[in-house]
Amino acid sequence: MNTQAIKSLLPHKRFKLNQFLSLKTLAQYAENLKPLLIFLTLLLFLFGVIQGFFLTPPDHQQGEGFKIIYVHVPSAFWSLAIYCFIFVNSVIFLIWRIKVADSLAACSASVGTTFTLIALVTGSLWGKPMWGTWWVWDARLTSELILLFLYLGYMGLRSATVGKKNQSKLAAILAILGMVDVPIVHFSVQWWHTLHQGATLSRFAKPLIATEMLIPLLVMIIAFGAFYLVILSYSLRTEMLRREIQPRTHS
Amino acid sequence: MNTLMEKLNQGFYAVSNSSHALFIWTALAFTLIALLFNLGVVLFKEKAMIKKMAQSTKV
């Protein structure tokens, strides 16, 4: 895509960062980028699934069963990343009262819940043939389950307080309190002896996975991220319309 | 192209005939269903909101 085409996607000629503080402008940007995001998501999923499930060799210990990694790791990664995003936006909303931050947090919750559920179910499906059990009350699994309850609680609180003055404030406080669980999920495999294996990918160490298995994994991680942006772009538009209908119900 | 199709065929049969086939297919199917369900819910909410918006402007 050339520069002219990118410029045509933007609603204003002069690019200013503070225009993203308006939900309308942000939703407009998301709306313009939606076709590109949908195309990218489909392309990456297709490549990742074909490459990961059918073209990578089997693992020397786990055989073909290890291929569940291509849906389990991306969903688990994004379940944590999205919660961090909700946390950051909740902090921004509570300090500076920026409504867009609250909208971004609200729109991210449903997809975060889906990713957490996928991580738990696919983890269980991977655990049965490898560990011999569907579920253990292991630190990693239990903390991830708590994350699912946090997401559900966050969404439940938002829907239970629709139209109330302090809806956004209460949701932001819950999101901030729930953040305690995220480092526990991440570091549980280091802090305690768990059945769950350690991190496959690390920022500082060399990956513990062969390159031909790593590439489709990275592609799937990006594909899940692109899917998240697609959902976010749809949700932002819905949120914008909702705020236009009920302009006085927000704190 | 033929080599790629052959490799894909081999990969598909390797997954399908492995002892973990049921777990792999279930994991993949569950993921796709969950993602599509999420997308469906979001689209439904958007449609409902557009309808609500149209009704509110009529009134």
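Bear in mind the structure is a predicted one, so any value in this text is a computation, not a measurement.

Colleague: I keep staring at the side chain of A:His72 and nothing clicks. Help me out?
Modeller: Residue and element names in this part refer to chain A. Secondary-structure assignment places His 72 in helix H3 (residues 69–96). Relative accessible area serves as the criterion here: at 11%, His 72 is assigned to the buried category. A polar contact is formed between the side chain of His 72 and the backbone oxygen of Ala 119, at a distance of 3.0 Å. A distance of 3.4 Å separates a polar side-chain atom of His 72 from the backbone nitrogen of Gly 123. Beyond its immediate stretch of four places on either side in the chain, His 72 contacts Ala 119, Thr 122, Gly 123, Trp 126 and His 196.

Colleague: Whenever I open this one, the packing of helix H2 (residues 23–55) of chain A against helix H8 (residues 211–245) of chain A confuses me. Can you help?
Modeller: Each pair of packed helices can be summarised by the angle the axes make with each other and by the distance between the axes. Residue and element names in this part refer to chain A. Where H2 contacts H8, the axes come no closer than 7 Å and their chain directions differ by 150°. Classed by the angle they form, the pair H2 and H8 counts as roughly antiparallel. Handedness of the H2/H8 crossing: left-handed. Grouping the amino acids of the contact of H2 with H8 by side-chain chemistry returns 23 nonpolar, 5 polar and 7 charged.

Colleague: Teacher, can you tell me more about helix H6 (residues 167–178) of chain A here?
Modeller: Residue pairs spaced three or four apart in an α-helix point in one direction, given the helix's 3.6 residues per turn. Along its 12 residues, H6(A) runs 17 Å from first to last C-alpha, staying within 8% of the 16 Å computed at 1.5 Å per residue. Summarising the contacts, the buried residues of H6(A) are in contact with H3, helix H4 (99–131), helix H5 (139–160), helix H7 (181–191) and H8 of chain A.

Colleague: Got a minute to help me understand the nonpolar core in this structure?
Modeller: Buried together is how nonpolar side chains tend to be arranged in soluble globular proteins. Judged by nonpolar contacts, the single largest core of 69 residues is most densely connected at A:Phe115 and A:Leu236. Of the residues forming this core, the biggest block, 17 residues, is contributed by H8(A).

Colleague: Explain the state of the cysteines here, please?
Modeller: Cysteine pairs can be linked by a disulfide, which is a covalent bond between their two sulfur atoms. All names here are of chain A. Applying the stated criterion across every chain yields a total of 0 disulfides over all chains. Of all cysteine sulfurs in the structure, the one in Cys 84 sits closest to Cys 107, which takes part in no disulfide; the separation is 18 Å. Judged by its relative accessible area of 5%, Cys 107 falls in the buried class.

Colleague: Just to check I follow, could you spell out the environment of A:Ala226 for this structure?
Modeller: All names here are of chain A. Along the chain, Ala 226 falls in helix H8. Accessibility expressed as a relative area gives 4% for Ala 226, which makes it buried. Between the alpha carbons of Ala 226 and Thr 25 there is a distance of 20 Å; along the sequence they are 201 residues apart.

Colleague: Would you mind going over H8(A) with me for this structure?
Modeller: Along its 35 residues, H8(A) runs 51 Å from first to last C-alpha, staying within 8% of the 51 Å computed at 1.5 Å per residue. Judged by how many residues are buried, H8(A) sits mostly within the fold: 26 of 35 residues are covered.

Colleague: How should the pattern of salt bridges be read in this particular structure?
Modeller: Opposite charge on two side chains makes pairing possible when the charged atoms of those side chains draw close. If you walk through the whole model with that rule in mind, you get 9 salt bridges over all chains. Salt bridges sharing partners connect three or more residues here, namely A:Asp102, A:Arg158, A:Glu239, A:Arg242 and A:Arg243.

Colleague: Got a minute to help me understand the packing of H5(A) against H7(A) in this structure?
Modeller: Residues and elements named next belong to chain A. The geometry of H5 relative to H7 is characterised by a closest axis approach of 8 Å and an angle of 160° between their N-to-C directions. Comparing the axis directions of H5 and H7 gives the class roughly antiparallel. Taken as a pair, H5 and H7 cross one another with a handedness that is left-handed. Contacts between H5 and H7 involve Ala 139, Arg 140, Ser 143, Glu 144, Ile 146, Leu 147 and Leu 150 on the former and, on the latter, Asp 181, Val 182, Ile 184, Val 185, His 186, Ser 188 and Val 189.

The rules we used
- Think of each chain on its own: its residues are numbered from 1, step by step along the sequence as written.
- Chains and ligands are labelled by the order in which they are written, letters from A for the one and numbers from 1 for the other.
- Residue-level local features of this predicted model are given only where pLDDT is at least 70; pairs of side-chain atoms are given and counted only at 80 or more, and the full residue set underlies all totals for whole chains, interfaces and linings.
- In computing side-chain properties, one takes all heavy atoms of the structure into account and sets aside hydrogens as well as water.
- To qualify as a helix, a DSSP run of H or I must reach at least 4 residues; to qualify as a strand, a run of E must reach at least 2; elements of each kind are numbered from the N terminus.
- Three exposure classes are used, based on accessible area relative to the maximum for each residue type with a 1.4 Å probe and protein chains only: buried under 20%, partly exposed in between, and exposed over 50%.
- Contacts described as polar in this section are N or O atom pairs within 3.5 Å, which, within protein, must combine one atom able to donate a hydrogen with one able to accept it, while residues neighboring in sequence count only if both atoms come from side chains.
- Contacts are assigned to residue pairs that have any heavy atoms within 4.5 Å of one another.
- The axes used here are C-alpha line fits, helices contributing only the stretch in contact, and every angle between their N-to-C directions lies in the interval 0 to 180 degrees.
- If an angle is under 35 degrees, it is roughly parallel; if it is over 145, roughly antiparallel; if it lies from 65 to 115, roughly perpendicular; otherwise it is oblique.
- Note: crossing handedness is left-handed where the near helix turns anticlockwise from the far helix by less than a right angle, and right-handed where it turns clockwise.
- In this classification, the charged set is Asp, Glu, Lys and Arg, the nonpolar set is Ala, Val, Leu, Ile, Met, Phe, Trp, Tyr, Cys and Pro, and all remaining amino acids, among them Gly, are polar.
- In a helix, the anticipated span is given by 1.5 Å times the number of residues less one.
- Among the buried residues, those of types Ala, Val, Leu, Ile, Met, Phe, Trp, Tyr and Cys that are joined through side-chain atoms within 4.5 Å form a nonpolar core.
- Cysteine sulfur pairs qualify as disulfides if the two atoms are within 2.5 Å.
- The salt bridge criterion pairs a side-chain nitrogen of Lys or Arg with a carboxyl oxygen of Asp or Glu, the two atoms within 4 Å.

On their own, these measurements won't tell you what the molecule is for.
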